[in-house]
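Letter by letter, the chains look like this.
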Protein chains: 2
Amino acid sequence: MKKLLLLYFILIMTLLAYLYVAHFRGNDTMYNEQEAGLRGGLDEKYVMVNFLSGIDYWKNVLKGFEDAAETLNVSVEYRGATQYGAQEEVIVLEQVIARKPAGIAVSAIDSEVLNDAIQKAVEAGIPVVMFDADAPDSKAYSFIGTNNYEAGVTAARQMAAMSGGKGQFGIITHPNQLNHQQRTKGFKETIEREFPDMELVAIEDGKGDQLVSEQKTLDMISGYSNLSGIFVTEASGGVGVGNAVYAAGLQGKLTVICFDTDKGTLDMIKSGTVSATIAQGTWSMGYWSLMQLFHLNHQLVEPMPDWRGANVSPVPNYVDTGVTVVTVDNVDHFYAK
Amino acid sequence: MKKLLLLYFILIMTLLAYLYVAHFRGNDTMYNEQEAGLRGGLDEKYVMVNFLSGIDYWKNVLKGFEDAAETLNVSVEYRGATQYGAQEEVIVLEQVIARKPAGIAVSAIDSEVLNDAIQKAVEAGIPVVMFDADAPDSKAYSFIGTNNYEAGVTAARQMAAMSGGKGQFGIITHPNQLNHQQRTKGFKETIEREFPDMELVAIEDGKGDQLVSEQKTLDMISGYSNLSGIFVTEASGGVGVGNAVYAAGLQGKLTVICFDTDKGTLDMIKSGTVSATIAQGTWSMGYWSLMQLFHLNHQLVEPMPDWRGANVSPVPNYVDTGVTVVTVDNVDHFYAK
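Values in this document were obtained by computation on a predicted structure and should not be read as measured data.

Q: How should the domain arrangement of chain A be read in this particular structure?
A: How big an interface is tends to be stated in terms of the accessible area lost upon association of its parts. All names here are of chain A. Split into domains, chain A comes out as domain 1 (45-146 + 282-321) and domain 2 (148-280). Just the C-alpha atoms count here: the centres of domain 1 and domain 2 sit 31 Å apart. Between domain 1 and domain 2, the residue contacts involve seven residues of the former and six residues of the latter. Summed over both partners, the interface of domain 1 with domain 2 buries about 650 Å², with 43% contributed by carbon and sulfur atoms. If you sort the residues of domain 1 by the area they bury against domain 2, Tyr57, Tyr84 and Thr146 come out on top, with a joint share of 58%.

Below you can see the structure in the form of structure tokens.
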């Protein structure tokens with residue numbers, strides 16, 4: 001009996017010693033976690049709000065947002081207006097704000113209409129950043145997306161290189177949207193500044209529609225006998241332009257430069273109907289939006305104590321996610337996996 | 001005795017149960033640490049390379065670099081050419097590359113001269129980003145700094161607001177440096193585009209020197225009877241312009257807009273000799289440079305497997321760290337702590 005008691009006593013002492021060690025190791029781990037490393041909690045929810053939320057274009061943006069969330073151990077939610085309706089997006093954004101998330105990344109259907117809701121969020125202490133489509137006069141802390149003027153410059157230089165740099169050229173665009181105006185302006189000014197042998201003869205409204213863009217292209221082909229190339233600033237129109245060029249038997253003779261990497265556009269690059277397309281840094285838009293929101297939520301920002309009072313931006317106010325020229329040489333990389 | 005045995009038995013079971021829970025919690029913590037959170041090792045060394053490495057301007061940039069390193073649990077080193085010499089910076093950069101650091105943030109004294117060394121680093125697998133002063137044709141992955149053209153636009157609008165928007169205006173600049181050319185261009189084009197009653201009459205070379213800038217200002221004051229304001233694109237010259245305005249007894253009558261937040265400039269804002277200065281996002285330059293280098297080193301980038309082959313930028317290629325207009329209203333926030 002006494003031996004058993006002694007054995008029990010030794011066992012208890014051993015367990016206590018082990019607990020003591022385990023406790024210290026535990027404390028050490030907690031210490032490191034607090035001291036260094038960017039890591040949030042799964043109860044922190046960051047929300048992405050956009051419009052036409054079902055289209056393929058957003059998939060890679062959301063993937064970037066989700067990848068950053070996984071890296072930082074936080075949660076995300078994807079919300080958006082399902083239609084192309086400004087009031088619908090305002091309502092969705094206000095519903096999201098009411099649930100007080102850790103941060104909101106917004107792509108604005110309209111550069112003005114969301115400003116009041118964004119101001120409400122920021123004044124309630126909810127960080128807001130814009131991605132892909134900016135609301136430049138809003139209270140959002142930053143814009144993360146393509147420099148659309150520079151994308152137009154890139155398209156113009158690519159057009160010059162692929163078309164031989166002379167002849168007549170047209171643009172098919174969406175003239176009421178800021179992004180498309182900027183792409184058109186970058187293209188137009190670059191042609192005027194750098195390529196005296198290229199003549200811009202037509203800027204047409206494709207209405208973001210495949211069939212309208214196809215018809216406008218056929219009109220342009222019949223109207224300008226020396227037409228050497230067309231730049232389409234928008235994805236749906238690109239396929240329409242490609243169809244028109246194919247119908248007219250001009251593939252390979254007319255240089256077509258599109259925008260974005262829809263499957264239809266990529267297929268036409270492979271078949272030679274479309275010469276190139278301008279791919280946006282969509283994954284980066286999502287990833288760096290969440291990274292900035294995380295920094296704002298955790299106050300890992302410009303250390304000036306009263307940056308609000310000093311009118312200093314706590315995070316970089318513009319992140320240019322860049323573009324890539326996609327041709328037959330690198331098109332295979334751009335198909336969705 | 002039996003009671004004591006029972007008590008020991010209960011105690012042992014309790015301890016075992018506690019150990020079981022502690023063990024699982026411990027495993028859980030380790031699991032999370034490996035799975036999520038941005039955290040490096042202290043053996044990862046990121047190096048900042050610049051020129052005129054001793055001047056006050058860099059202090060806040062380095063602070064941002066160090067703050068990010070502390071957050072991410074990595075090490076940093078500050079190296080730079082002590083003089084304003086291009087060859088000295090090339091040698092420093094090559095020495096840094098030879099030690100194979102985890103990443104290098106470079107501010108280029110000259111937009112071309114470092115290109116070969118940068119290419120060597122990137123080809124050896126060492127990530128390089130540019131900050132503050134870009135080398136746009138180099139192989140560096142990105143540029144993190146001020147949009148100097150936009151800074152000039154901001155200065156022009158501030159000049160219009162503070163001077164009444166009419167009269168003759170001059171610029172004192174450093175005409176051989178890209179940053180200063182861009183600030184001058186942004187100012188000039190904004191005046192021409194937006195303010196028809198403002199006339200730009202002189203653009204002078206202050207040679208980055210206080211006394212030269214002072215003399216150029218005195219010449220401008222005596223040469224233009226309707227002079228309403230001067231924009232100085234560079235910090236050392238700002239104090240010289242302020243001295244000239246004070247000597248001519250024109251403080252408060254001539255609007256002076258400077259650049260950067262040297263103590264001398266801030267003091268002149270407080271005393272009313274200088275009207276405003278354009279502060280750059282220096283802390284953000286350092287912080288987000290390290291953040292990008294960490295992502296490149298850990299391959300937390302654009303997930304396209306062969307982004308090199310596809311010619312896609314793995315991180316955003318430009319981060320605009322923004323500017324703040326500093327006037328007597330917010331000047332107190334900008335003194336170094």
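The discussion continues.
Q: Would you explain the interface of chain B and chain A in this entry?
A: With 55 residues of chain B at the interface, the matching set in chain A holds 55 residues. In this assembly, chain B packs against chain A so that about 4,900 Å² is buried in total across both faces, 69% of it on carbon and sulfur atoms. Inspection of the chain B/chain A interface yields zero salt bridges. Elements represented by at least two residues in the side of chain B that touches chain A include exactly α1 (2-35), α2 (59-72), α10 (282-297) and β11 (318-320) of chain B. Residue contributions to the side of chain B that touches chain A peak at 15 residues, all from α1 of chain B. Partitioned by chemical class, the residues of the side of chain B that touches chain A number 30 nonpolar, 16 polar and nine charged. Judged from the three bridges that link them, strand β11 (residues 318-320) of chain A and β11 of chain B form a sheet pairing that is antiparallel. Within β11 of chain B, the position partnered with aspartate 320 of chain A by the bridge is tyrosine 318 of chain B.

Q: Sorry if this is basic, but what is going on with the layout of surface pockets here?
A: The probe, sized like a water molecule, is rolled over the atoms to show the empty space still left. Residue and element names in this part refer to chain B. Its boundaries defined by the atoms lining it, the second largest pocket holds a volume of some 920 Å³. Around the second largest pocket, the lining comprises 32 residues; the ones closest to its centre are Asn60, Thr261, Phe334, Tyr335 and Ala336. Mapped by element, the contributors of at least two residues to the lining of the second largest pocket are α2, α9 (263-271), β10 (276-280), α10 and β12 (323-326). Residue classes in the lining of the second largest pocket are distributed as twelve nonpolar, twelve polar and eight charged.

Q: Which parts of the structure should I look at to understand the relation of the copies chain B and chain A?
A: Each copy of the chain is related to the other by a rotation around an axis and a translation along that axis. Mapping chain B onto chain A calls for a screw motion: a turn of 178° about the axis and a shift of 0.9 Å along it, with 2.0 Å RMSD after fitting. Seen this way, the second copy is the image of the first under a two-fold rotation axis. Most of the interface of chain B is mirrored in chain A, where 100% of its interface residues again form contacts.

Q: I'm lost on empty space enclosed by the protein in this one. Help?
A: Enumeration according to the criterion identifies one cavity of 30 Å³ or more in this entry. Its volume calculated, the largest cavity comes out at about 50 Å³. Looking at the largest cavity, the residues that line it are Trp288, Gln292, Pro316 and Val319 of chain A together with Trp288, Gln292, Pro316 and Val319 of chain B. Listed by contribution, the elements that provide at least two residues to the lining of the largest cavity are α10 (282-297) of chain A together with α10 of chain B.

Q: Hey, could you run me through the packing of aromatic side chains in this one?
A: When we look at a pair of aromatic rings, we describe it by the centre distance and by the angle of the planes. One pass over the structure, following the stated rule, counts 21 aromatic pairs over all chains. Relative to tryptophan 307 of chain B, the ring of tyrosine 141 of chain B lies with its centre 6.2 Å away and its plane at 75°, an arrangement referred to as edge-to-face. You can see tyrosine 141 of chain B sitting in the loop between β4 (128-131) and β5 (143-145) and its partner tryptophan 307 of chain B sitting in the loop between α10 and β11, a full 166 residues away along the chain. The same class applies to tyrosine 141 of chain B and to tryptophan 307 of chain B, which are both buried. In textbook terms, an aromatic cluster arises when at least three aromatic residues are bridged by ring pairs, as seen for Trp283, Tyr287 and Trp288 of chain A together with Trp283, Tyr287 and Trp288 of chain B. Here the basic side chain of arginine 183 of chain A rests over the ring of phenylalanine 259 of chain A, its NZ or CZ set 3.8 Å away from the ring centre.

Cut-off values and rules
- Residues numbered from 1 in each chain as written.
- Chains lettered and ligands numbered in written order.
- Predicted model: local features only at pLDDT ≥ 70, side-chain atom pairs only at ≥ 80, totals over all residues.
- Heavy atoms only, no water.
- Domains from an automatic or database assignment.
- Contact = heavy atoms within 4.5 Å.
- Buried area = accessible area lost by both parts, 1.4 Å probe.
- Salt bridge = Lys/Arg side-chain N within 4 Å of Asp/Glu carboxyl O.
- Helix = DSSP H or I, 4+ residues; strand = E, 2+ residues; numbered from the N terminus.
- Nonpolar A, V, L, I, M, F, W, Y, C, P; charged D, E, K, R; others polar.
- Pairing = 2+ DSSP bridges.
- 1 Å grid on protein atoms, 1.4 Å probe; cavity = no way out; pocket = protein on both sides within 12 Å on 5 of 7 lines; lining within 4 Å.
- Points joined across faces, edges and corners; volume = space filled by probe spheres on them.
- Least-squares fit on C-alpha atoms with pLDDT ≥ 70 in both.
- Phe/Tyr/Trp six-rings, centres within 6.5 Å; stacked < 30°, edge-to-face > 60°.
- Buried < 20%, exposed > 50% of the residue type's maximum accessible area, 1.4 Å probe, protein only.
- Lys NZ or Arg CZ within 6 Å of the ring centre and 35° of its normal.

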